[in-house]
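Given next are the chains, with one letter for each unit.
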Number of protein chains: 2
Amino acid sequence: MSENHEHHYTDDVQSHLQQVQSLLGKHALVETLVRKQEMPRAERHELVESLLHKRHLVELQTKLDELHPADIAYILEALPIEQRLLVWDMVKADRDGDILIEVSDAVRESLIATMSREELREAAEQLDTDEIADLAPDLPQAVMRDVFKSLSVEEREQLRAAMTYPEDSVGALMDFDMVTIREDVTLEVVSRYLRRFDELPDHTDQLFVIDRNDRFIGVLALHRLLVNEPETDVARLVHHETITLHPDDKAEQAAQAFERYDLVSAPVVDEDGKLVGRVTVNTVVDFIRSESESELLSQAGLREEEDIFASVWKSAQNRWLWLALNLCTAFFASRVIGSFEGTIEKFVALATLMPIVAGIAGNSGNQTTTIIIRSLALGQITHSNARHLLVKELAISALNGVVWGGVAGLFAYVLYHNITLSLVMTSAMLLNLLLGAVVGMFVPLTMQKLGRDPAIGSSVLLTAITDSGGFFIFLGLATIFLIH
Amino acid sequence: MSENHEHHYTDDVQSHLQQVQSLLGKHALVETLVRKQEMPRAERHELVESLLHKRHLVELQTKLDELHPADIAYILEALPIEQRLLVWDMVKADRDGDILIEVSDAVRESLIATMSREELREAAEQLDTDEIADLAPDLPQAVMRDVFKSLSVEEREQLRAAMTYPEDSVGALMDFDMVTIREDVTLEVVSRYLRRFDELPDHTDQLFVIDRNDRFIGVLALHRLLVNEPETDVARLVHHETITLHPDDKAEQAAQAFERYDLVSAPVVDEDGKLVGRVTVNTVVDFIRSESESELLSQAGLREEEDIFASVWKSAQNRWLWLALNLCTAFFASRVIGSFEGTIEKFVALATLMPIVAGIAGNSGNQTTTIIIRSLALGQITHSNARHLLVKELAISALNGVVWGGVAGLFAYVLYHNITLSLVMTSAMLLNLLLGAVVGMFVPLTMQKLGRDPAIGSSVLLTAITDSGGFFIFLGLATIFLIH
């Protein structure tokens, strides 16, 4: 339900932020002055409040009123919590809904926490049913009950439908803002019908053609409506072989279809062939962006998008699972080293060299994992080429083992003048790089087979194995060949 | 220049791939049979060639002809090099251009390498000027000269313009497929004008209103054309305060504008106010996808998208810089440990515990870096909140240091029953986690200040410091408190 706000190009959004920050800064300065007691309180208050304080808040209010909801969302996300709530209080209540839809989950939580049941109900009622469904998990049950009561029968049906689909399905991306027409009319009739609208739904690039029973027949591109003569029949121009999505399809597949076929909108059709909704490119863009972001975050073990101004306690919780997991694997690796304490005691150079063996194989295995995860996401890995890929990754690792293992062996020789140590170093590097390639390939493939997202957790498992494996291989070889 | 191919939903693309692979598999089987000499060659050849071989190739040809260029591109990327080239040879020459535009850079290179100058010229001539500009870096100079000669004066101008803009600018995303109108006419006149087109350019959701001197005045949304009466003047409906891009703007800013304001197309206007092109959402989607991919790849030190079927040698080169860099930092860390050999000799438990200190701080610092890089990309970090963020990250690390450092200290105590060692462990963890937070914050901030992409190389620098720093802090403290 984005309003038709008039605004300039987005470069402004950072200058908007700076203006708001500077107005808030002045406001804070004034507040501080007011709180200082060196001058009679009343006097200062009068002086300041009248001259500055109000003026800045009024200026801020004006500024906020002319901003697009998406820009206000951006500014709210970039402000520390007290300033954020001040700005949030100043936003006109009739825009609350649109802004809540735009902010990130973490920031939305901080805003909703300050709102009364009544305010939340009003905010939700400004939204379309598909948007209410997006907001629903964050709203108190009582509010949802109120909202539900205020909807029409059709809207309740839509909301119920939208809320049943899992987050990563087409059903969760879909909206219900469609213009539908019949096949047995002329373009002239369609044009007259459209002129009865004040505004067409956003992203209407095609009209959906349905029969008497709401069954989807095809689409009529607006372009065809425009370039053809008014007396032409819709039936002659309707496009039957169009892309249709199913509400249970994976959202990622829909995103790939939009990307591949350059779509602006696509119909969503249920198993009975009924048109139930549509997906538009703006939702797909948001989905692609949030997917790639959560992938980047999950690679660093951040479970969710973090509000940069969340409390220390909350942020720490977001990061703990990862650190705890890594600590466990580090303890295990430490025990592997511990079992070779006797060897290290006799040959302390081993302690200085062992992190090299473990580290490089981790880096190299991570490269393999990244390539495999990417190819899996694109569906490029099939039975017939998986073996080909494994052979290739092993060959690369063997090459790397000879080259970089050789360099590392030379490094060891220069330092310790021991040719056996140098050979142990090179062999351990080679073996651990091969181990990294095998593990880097099979961990994501296995996760995919088990139905889990290979982008999450592959790296911690990989590093656990290349670390412990590296220490074991290097210290093991050293025990055999160096210690008599 | 995507054709109006009729096709079903993309779920098919994987089944398309499987069909093609199975046809190719049969083909390969036949070839192998033919090559085997157990039967008189001519006989086998006749038998096989007539019965199977040709039939499969014909089937394959039919299959390829009905696929969308983007789907063929997808299939080419998922095939090993010999099969890829076989399929490429079978694609109708008049679709070469569209397909070359769709494949990834690495695969494009492998296809272009097999094409003659003549074939390349023909492929390029099928494309729009903005698409030729995308292809230009991969084409031999002689081909580009031929192509240039075949263009009209206006197209040459466009091509020259498109090629001058850097890859990450709006100019590189823009196309020239615009419908422009004047302000002083009625909608009726505009409709008549549009009916003269056979087809409107893809993604035409608005018409661009210009004056006599090509200066941009505003836009007329197609929706307004449809919902208003034909006798209305364009001037009454034109939207002046629309988002306009500049060819030198960063592509990423344009992408954010599209995402924020849910755009389908946006005008590109030069410094004289002249309309020079437009950017459409499909280009933006491709840009967002490729940006996020290159960010994921670069985090694993892959310099570029890798053709999964590239030669071992080529793939290895793509990965070497990263491994070499990591090897250097590992050597440095190794020397840090080396300088404490005396300490380790006296207390070998240190060797088993030191990787824990280094590793966990690396993980934690990486979380900080990820959050900072993300916030930098969104422009959320300003002077006024950078200090706030540093304090917060330090607080989180201190908390983590106490909690996980405490756990690690306990682990050390359980193993070695030495309270001093246990305290050294906990203190080293705490200090190195704090170091990780400071470095994890300042590395990306500094890179941003130096005008470099903070997503590239931040992690290798971070790990270098948390590794060497961790060994130094832990072994240093141990030398002071444990060795007398």
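Quick notes on the rules
Residues numbered from 1 in each chain as written. Chains lettered and ligands numbered in written order. Predicted model: local features only at pLDDT ≥ 70, side-chain atom pairs only at ≥ 80, totals over all residues. Pairing = 2+ DSSP bridges. Helix = DSSP H or I, 4+ residues; strand = E, 2+ residues; numbered from the N terminus. Least-squares fit on C-alpha atoms with pLDDT ≥ 70 in both. Contact = placed C-beta atoms within 7 Å. Buried ≥ 20, exposed ≤ 12 C-beta atoms within 10 Å, placed from the backbone. Nonpolar A, V, L, I, M, F, W, Y, C, P; charged D, E, K, R; others polar. Expected span 1.5 Å × (residues − 1). pLDDT = per-residue confidence, 0-100. Arc of directions from axis to C-beta. Axes fitted to C-alpha atoms, helices over the stretch in contact; angles between N-to-C directions. Parallel < 35°, antiparallel > 145°, perpendicular 65-115°, else oblique. Left-handed = near helix turned anticlockwise from the far one by under 90°. Core = buried A, V, L, I, M, F, W, Y, C linked by C-beta atoms within 7 Å.

### Considerations on the sheet that holds strand E1 (residues 180-181) of chain A
All names here are of chain A.
- Ordered by their spatial adjacency, three strands build an open sheet running E1-E2-E3, and the pairing between neighbours is mixed. Each of the sheet's edge strands pairs with one partner strand only, and the pair in question is E1 and strand E3 (216-221).
- Pairing analysis gives two bridges linking E1 to strand E2 (residues 206-210), with the strands arranged parallel. Bridging from a neighbouring strand, isoleucine 181 pairs with valine 209 of E2.

### Some thoughts on the relation of the copies chain B and chain A
- Once chain B is rotated about the relating axis by 180 degrees and shifted along it by 0.0 Å, it coincides with chain A to within an RMSD of 0.1 Å. The symmetry that links the two subunits is that of a two-fold axis.
- Both copies share a contact surface, since 99% of the interface residues of chain B are interface residues in chain A too.

### Focus on the environment of histidine 240 of chain A
Residue and element names in this part refer to chain A.
- Topologically, histidine 240 is positioned in the loop between helix H14 (234-237) and helix H15 (251-261).
- In this structure histidine 240 comes out as exposed when scored by C-beta crowding, with 10 C-beta atoms within 10 Å.
- Remark: the alpha-carbon pair of histidine 240 and leucine 302, spanning 62 residues in sequence, is separated by 45 Å.

### Examining the interface of chain B and chain A
- With 111 residues of chain B at the interface, the matching set in chain A holds 110 residues.
- With 15 residues, the single largest contributor to the side of chain B that touches chain A is helix H19 (residues 349-377) of chain B.
- Class assignment for the residues of the side of chain B that touches chain A results in 49 nonpolar, 39 polar and 23 charged.

### Concerning helix H16 (residues 281-299) of chain A
All names here are of chain A.
- Taking 1.5 Å of rise per residue, the 19 residues of H16 would be expected to cover 27 Å, and the 27 Å separating its terminal C-alpha atoms lies within 8% of that figure.
- Within the span of H16, buried status applies to Val281, Asn282, Thr283, Val284, Val285, Ile288, Leu296, Leu297 and Gln299.
- Where H16 ends, the next residue or the one after it, glycine 301, has phi of about 75 degrees, a positive value.

### Quick look at the pairing of strand E3 (residues 216-221) of chain B
All names here are of chain B.
- With five of six residues buried, E3 is to be regarded as a mostly interior element.
- Pairing geometry for strand E2 (residues 206-210) and E3, over five bridges, is antiparallel. What sits directly across from leucine 207, in E3, is leucine 220.
- A loop of five residues connects E2 with E3, the two strands running antiparallel in sequence, and aspartate 214 in this loop sits at a positive phi of about 65 degrees.

### With respect to the environment of threonine 463 of chain B
- Considering the arrangement of structural elements, one finds threonine 463 of chain B in helix H22 (residues 458-481).
- Once residues within four sequence positions are removed from consideration, threonine 463 of chain B is found in contact with Thr329 and Gly362 of chain B.

### Focus: unusual backbone geometry
- In this structure, histidine 203 of chain A takes a positive phi of about 60 degrees despite not being glycine.
- Locating histidine 203 of chain A in the fold gives a position in the loop between helix H12 (187-195) and E2.

### A few points about the confidence of the model for chain A
All names here are of chain A.
- Looking at chain A, pLDDT values average 87 and 91% of them are 70 or higher.
- Taken element by element, the predicted model of chain A shows its lowest mean pLDDT in helix H2 (residues 41-65) (65) and its highest in E2 (96).
- Confidence over residues 1-10 falls short of pLDDT 50; this stretch has 20 contacts with residues more than four positions distant or in other chains.
- Two summary scores accompany this predicted model of the complex, namely pTM at 0.86 and ipTM at 0.85.

### Some words on helix H10 (residues 153-164) of chain B
All names here are of chain B.
- Given a rise of 1.5 Å per residue, twelve residues ought to cover 16 Å, and the 17 Å separating the end C-alpha atoms of H10 matches this to within 8%.
- Among all positions in H10, only Gln158, Leu159 and Ala162 are buried. Each buried residue of H10 sits inside an arc of 100 degrees when the element is viewed along its axis, so together they form one side. Relative to its buried face, H10 has exposed residues pointing more than 90 degrees away, namely Val153 and Thr164.
- Looking at the buried residues of H10, the elements they touch are helix H8 (129-135) and helix H11 (170-173).

### Observations regarding the packing of helix H21 (residues 419-449) of chain A against helix H22 (residues 458-481) of chain A
Residue and element names in this part refer to chain A.
- In contact at an axis separation of 8 Å, H21 and H22 are set at 155 degrees when each is read in the N-to-C sense. Of the possible angle classes, the one that applies to H21 and H22 is roughly antiparallel. The hand of the H21/H22 crossing is right-handed.
- Residues of the contact of H21 with H22, tallied by class, amount to 16 nonpolar, nine polar and no charged.

### As for the environment of leucine 120 of chain A
Residue and element names in this part refer to chain A.
- With respect to the helices and strands, leucine 120 occurs in helix H7 (residues 117-125).
- You can call leucine 120 buried: it has 23 C-beta atoms within 10 Å.
- Ignoring any residue separated from it by four or fewer positions in sequence, one finds leucine 120 in contact with Ile112, Met115, Leu139 and Val143.

### Concerning the pairing of strand E4 (residues 265-269) of chain B
Residue and element names in this part refer to chain B.
- By the criterion of burial, E4 is predominantly enclosed, with five of the five residues buried.
- Here E4 shows two buried faces, one formed by Ser265, Pro267 and Val269 and the other by Ala266 and Val268.
- Bridge analysis of E4 against strand E5 (residues 275-280) gives five bridges, and the strand direction is antiparallel. Across the sheet, the residue bridging to serine 265 is threonine 280, located in E5.
- With antiparallel pairing between neighbouring strands as the criterion, E4 and E5 make up a hairpin whose turn holds five residues, including glycine 273 at a positive phi of roughly 80 degrees.

### Focus on the nonpolar core
- Ranked by internal contacts, the top residues of the largest apolar core, which has 111 residues, are Leu350 of chain A together with Leu350 and Val357 of chain B.
- Sorting elements by how many residues they give to this core places helix H21 (residues 419-449) of chain B first, with 15 residues.
- For leucine 350 of chain A, the contacting residues outside a window of four places in its chain are Thr343, Ile344, Leu475 and Ala478 of chain A.
- Of all hydrophobic cores here, the second largest spans 80 residues; its members include Phe258, Val281, Val284 and Ile288 of chain B.

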